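# Structural overview for review
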Amino acid sequence: MAYTIDLSQKTALITGSNSGIGLGIAWALARAGADVVLNSFTDRDEDHAIAEAISKETGTKARYIKADMSKGEECRQFVMDAGHCDILVNNAGIQHVAPIPDFPVDKWDAIIAINLSSAFHTTAMALPMMRKAGWGRVVNISSAHGLTASPFKSAYVAAKHGIVGLTKTTALETAKEAITCNAICPGYVLTDIVEKQIPDTMKEYGMSREEVIKNVMLVRQPSKEFATVEQLGGTATFLCSDAAAQITGTTVSVDGGWTAL
Ligand code: NAD
């Protein structure tokens, strides 16, 4: 049997998708035929313009729905407002870099809420919709930091390990159905979240921007290259394909060999 990837007739919800990896995944799923629902916590013209651009180029339906993934009720309402969900990509995430004794409590709470708890809330609302449709895919965006740690990223590493645990549990609870749940673990991708942590990391290590990229970030990535949002879009699309129907409860690393070290 030949496997092609045709996601037409599917609706994909991607949290945190007005930039970076989430947007790359939205484009890839739309190019494979899915209607996509984009999200972030803002409600700007440019957010809706992104959805319009995707619709125009791919011929699929793309919408943007504002919801703050730091708030459980808004996570749940996001899925309800979308109306249907065949594919759920839990991607929204933030980062903060500081040693544990100095780590601000509000940053810890926000990272756990956005990077971990939001996926619990959206999954809880999406699974009944997938069950009704008899098919579903949950793709959680974890990180190389879901499998290994770095200093000064306590909340992020805890949340990303947590999402791997949630992924395994979701997979076991859906194992006998045509629903899969997997986590993608990217290494460094040069998006806003990485750009924003460069100044703090420069401060922590006393390094220049170039030194942080070379000696802190890509030092752990044996390929010595950033992964790209297009590559992550392709990986997520594959996990939504029929060829991936028996892949569930696992992690897929897109990290240039980081976790092989
Ligand atoms: P990004 O900053 O471009 O994207 C983060 C997205 O989350 C944005 O769309 C942002 O608007 C959204 N977001 C933030 N707070 C939100 C909130 N309260 N409610 C709703 N949306 C919110 O960065 P990115 O690199 O594209 O990150 C996407 C995901 O990939 C994150 O979960 C991140 O942890 C993960 N990741 C990134 C890298 C990397 O190197 N860039 C590596 C591993 C994992």
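A brief look at the structure comes next. (Residues numbered from 1 in each chain as written. Predicted model: local features only at pLDDT ≥ 70, side-chain atom pairs only at ≥ 80, totals over all residues. Heavy atoms only, no water.)

## Here's the deal with the layout of surface pockets
In this structure, the largest pocket encloses a volume near 1,100 Å³. If you go around the largest pocket, you meet 45 residues; those closest to its centre are Gly93, Ile94, Gln95, Ile193 and Lys196. Elements with a minimum of two residues in the lining of the largest pocket: helix 1 (20-31), strand 2 (35-40), helix 4 (105-133), helix 5 (154-173) and helix 6 (192-205). Of the residues forming the lining of the largest pocket, the biggest block, 6 residues, is contributed by helix 6. Here the residues of the lining of the largest pocket are counted per class, giving 17 nonpolar, 19 polar and 9 charged. There are two domains that each give the lining of the largest pocket at least three residues, and those are domain 1 (11-188 + 227-254) and domain 2 (190-226). (1 Å grid on protein atoms, 1.4 Å probe; cavity = no way out; pocket = protein on both sides within 12 Å on 5 of 7 lines; lining within 4 Å. Points joined across faces, edges and corners; volume = space filled by probe spheres on them. Helix = DSSP H or I, 4+ residues; strand = E, 2+ residues; numbered from the N terminus. Nonpolar A, V, L, I, M, F, W, Y, C, P; charged D, E, K, R; others polar. Domains from an automatic or database assignment.)

## What about the packing of aromatic side chains?
Scanning the model with the defined rule gives 2 aromatic pairs in all. Look at phenylalanine 152 and tyrosine 205: their rings are 5.9 Å apart centre to centre, the planes differ by 75°, and that puts the pair in the edge-to-face class. Placement of the pair is phenylalanine 152 in the loop between strand 5 (136-141) and helix 5 and tyrosine 205 in helix 6, with a sequence separation of 53 residues. When its relative accessible area of 36% is taken as the criterion, tyrosine 205 is described as partly exposed. Taking the centre distance of 5.4 Å and the plane angle of 20° together, the rings of tyrosine 188 and tryptophan 258 count as stacked. Separated by 70 residues along the polypeptide, tyrosine 188 in the loop between strand 6 (179-186) and helix 6 and tryptophan 258 in the segment after strand 7 (251-254) bring together distant segments of the chain. Positioned over the ring face of tryptophan 135 is lysine 10, at 4.0 Å from the centre of the ring. (Phe/Tyr/Trp six-rings, centres within 6.5 Å; stacked < 30°, edge-to-face > 60°. Buried < 20%, exposed > 50% of the residue type's maximum accessible area, 1.4 Å probe, protein only. Lys NZ or Arg CZ within 6 Å of the ring centre and 35° of its normal.)

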